[in-house]
Amino acid sequence: MFRKKSLKVKLSLILICMVLLISASSVSLSNIFLNRYYLYDKNQTLISAYESISELYAAELENENAADKSDSQTYRIPSSSISDELCLKLDRFSQNRNLSIIIYRDMGNLIFDYLLRSSSTKLLLYSSLGMNQDSKVESSNIYSDYINSDKSESEVSITTDEYKIRKVDVKRLGASYIYLEGVFKNGDHILIRASVAGITESVNISNRFFLYISLIAAVIGFVVMYFVSNSFLGPITVLTNIAKRMSQLDFTVKYEVKTEDEVGILGNSMNVLSETLEQALAELKAANTELKKDLEKKEQIDAMRKDFLSNVSHELKTPIALIQGYAEGLLDNINDDEESRQFYCEVIVDEAQKMNQMVKKLMALNQLEFGYNTISMEHFDIIALIHAVIAKSDILLKQKEIRLIFDWKEPVYVWSDAYMAEEVFTNYLTNAINHVDGERRIEIRIDKKDETVRIIVFNTGEQIPEADIGSIWDKFYKVDKARTREYGGSGVGLSIVKASMEQLGQAYGVQNCEDGVMFWFELDCRNAVDLIQE
C-alpha cells in the first residue's frame, strides 16, 4: 500500500515536513522575540496610559482654575480639590488596563493611589482623611517598591522630557515590573506600574501548546491528504498508463476528459498528441516507402555513374597528351643529343606509369570517398613536386601560349600522401590550363603558416557562376558542357580532389577573383618533432 515512489506518500510526507518546519520555526521565533515584543507592548501601554491620564488631569486643572478666579497665578490642583469623577475615571483606567497608578506632589503629598482606593477602606479621596504632611507618598507600596529598588540593576528603556520608563526587579514581591515615572504640566508627578511576571512561563506554555497542536495537525493532515489525494492522483495514474501505451506506439486509448482544470487540459493535450503522433507515424511510414524508392533510384544512378567512370577513366587526356607530345618530339628529332632523347623517354615512361595509376585511382574513386583507400604518409618537398608537374606540363603551356608565374624557390616540406598531393595539384593545374582566358595567365602561389601551407592555383578567365560553385566538386558535374567536351573533360577531376582532401583531412576550396578563378588546398607542414610530441 505504501510504495516508496507513490506520489500520495510523497505529498503526505511533504505536508508533514512543512507543518513541522513551520511549527519549529514559530516556536523558535517565539522564544527569541516574544519577550521583547511583550516588553515593547507594555511600554506602549504605559505611554498611552500616561498620555490619556495627562489629558484627564489637564482638563481637571482647567476646571479648577475656572472655578477659582482669585488665584490665577497657580497651576497646581489643590490637595483637596481632585474630583470624584476624575478618581472614578482613574479607577476604571487602572482596572481596564491592569495598571497601578499613584499621583503625588513634590512635597510628598499623595493625590491618588489606586491600591489604597482598591483596599477594604474604599477611600474615595485622601482629602477626605484630611491630607496633610503625614499623608506622605512614602506610605504608598508602589512608590516605596520603586524607591527602594536597586536602580543600578534596572534598565531604562525610554526617556523623554515628560516621562521615563524603567524595568525594576521588586525584591519584596520577588517579581519584575515596568514603571513609568512622569511629570504633568503643573508639576505634579505620576507613577504607573505594570507587571511583567510570568511572561517566560506564558511563552513556554504557549510554545508547548502550539507544538502539540502542530503535531496533531500533521498526523491528521497526513491521513486526510493520503485519502483525499486519490481524487487528484487518480486521473494522473490514468494519464500515466496512457503515456506508457503511447510509448509502445499504441494510440487507440484516449483519456475521458471530465473536468476543465489543469488535469483536464493535460488529458485533452494527451488526446491531441496521440492523434497527432498517430497521423505523423502514418505519414512517416508513407515517407519511408517513398524514401526506399528514391534510394533504389539513387543506387541505379550511382551504378550508372560508376560504369561511366570506368568507361571514361581512359579519357584522361593530359597524360596522353604529354606522352604524345614527347613521342612526336622523338620522331621529329627535335633534339639530336642523347641526353635530351633520354629525358623525353623518361617523361613518356613516367607519364605512362602515372596514367596507369590514375586509371586505377579513378576505378577506386568510390573506395577513396568512403575511406577505404590506403594512405602512405611521406615527408617531401611540395615545391619540388610543383616544379616537376609544371615541367611535365611545359609543352601544353607553350602550345596554348600560357604565361605561368611561380617564383617560390625555397623548399617547403609537408606530411602527406605524395601521389594524392600530386593528383590534387595536377587536377588544379590541368583545370586552369583548360579554362584560362583573357591575359592567359596562370599564377601559383604559396601561403605558408605555422602548421599548414596553402597551395593556390589562379588562372585568368571567366568566373564560376555562384549557383554552380557548390556543385563543381560533385562527380560528373560540368559547368560548361560544350567547353568541357572540347578539351575532353569527364567531370571527375575535382571530385578526385574532394575525395583525396577529405581523406587526408585537409582543407580545400575555390574562390572567384576579379579577373579569374582561384583554387586552393592545404597540407600539413609541421616538422617531425611536433608530430611526435603530439
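Residues numbered from 1 in each chain as written. Predicted model: local features only at pLDDT ≥ 70, side-chain atom pairs only at ≥ 80, totals over all residues. Heavy atoms only, no water.

Enquirer: Give a detailed account of the packing of helix α12 (residues 418-435) against helix α15 (residues 493-504), specifying residues and quantitative values.
Expert: Relative to each other, α12 and α15 sit at 145°, their axes nearing to 9 Å. Once α12 is placed against α15, the crossing between them reads as left-handed. Counted together, Met420, Val424, Asn427 and Tyr428 of α12 and Gly493, Leu494, Ile496, Val497, Ser500, Met501, Gln503 and Leu504 of α15 form the full contact between these two elements. Looking at the contact of α12 with α15 residue by residue, the class counts come to 8 nonpolar, 4 polar and no charged. (Axes fitted to C-alpha atoms, helices over the stretch in contact; angles between N-to-C directions. Helix = DSSP H or I, 4+ residues; strand = E, 2+ residues; numbered from the N terminus. Left-handed = near helix turned anticlockwise from the far one by under 90°. Contact = heavy atoms within 4.5 Å. Nonpolar A, V, L, I, M, F, W, Y, C, P; charged D, E, K, R; others polar.)

Enquirer: So, α12: which residues are in play, and what are the values?
Expert: The α-helix advances 3.6 residues per turn, and as a result positions three or four apart in sequence lie on the same side. Relative to the 26 Å expected for 18 residues at 1.5 Å per residue, α12 spans 26 Å between its end C-alpha atoms, a close match to the ideal helical length. For α12, the buried fraction is high: 17 of the 18 residues fall into the buried class. For α12, the side-chain oxygen to backbone nitrogen distance between the N-cap and Tyr419 is 3.0 Å, and the N-cap itself is Asp417. (Expected span 1.5 Å × (residues − 1). Buried < 20%, exposed > 50% of the residue type's maximum accessible area, 1.4 Å probe, protein only. Polar contact = N/O pair within 3.5 Å; in protein donor to acceptor, adjacent residues only side chain to side chain.)

Enquirer: Explain a nonpolar patch on the surface residue by residue, including any values.
Expert: Judged by side-chain polarity, Leu20, Leu211, Tyr212 and Leu215 come together as a nonpolar surface patch covering roughly 350 Å² of accessible area. Per element, the largest residue contribution to the nonpolar patch is 3 residues, and it comes from helix α5 (residues 199-247). Position of Leu211 among the secondary structure elements: in helix α5. On the accessibility criterion, Leu211 (37% relative accessible area) is partly exposed. (Patch = residues over 30% accessible without salt bridge, like charges linked within 9 Å, V, L, I, M, F, W, Y side chains within 5 Å. Areas by Shrake-Rupley, 256 points an atom, 1.4 Å probe, with all protein chains shown as cover. Salt bridge = Lys/Arg side-chain N within 4 Å of Asp/Glu carboxyl O.)

Enquirer: Please set out the environment of Ile47 residue by residue, giving values where relevant.
Expert: Tracing the backbone through its elements, the reader meets Ile47 in helix α1 (residues 7-67). Owing to a relative accessible area of 10%, Ile47 belongs among the buried residues under this scheme. Distance from Ile47 to Leu180, taken between C-alpha atoms, is 7.8 Å for residues 133 residues apart in sequence. Dropping the residues within four chain positions of it, Ile47 is found in contact with Ile158, Tyr163, Ile165 and Leu180.

Enquirer: Can you explain the pattern of salt bridges? Please cite residues and give values.
Expert: As enumerated under the stated definition, the model contains 9 salt bridges in all. The shortest N-O distance in the salt bridge between Glu85 and Lys89 comes to 3.5 Å. Pair noted here: Glu85 and Lys89 are both in helix α2 (residues 84-97), with a separation of 4 residues, about one helical turn. Exposure remark for Glu85: the relative accessible area of 54% places this residue in the exposed category. Two residues, Arg526 and Asp524, come together in a salt bridge whose shortest N-O distance is 2.9 Å. Classification of Arg526 as buried rests on a relative accessible area of 17%. One network of salt bridges, in which partners are shared, links Glu439, Arg441, Glu443, Arg445 and Asp515.

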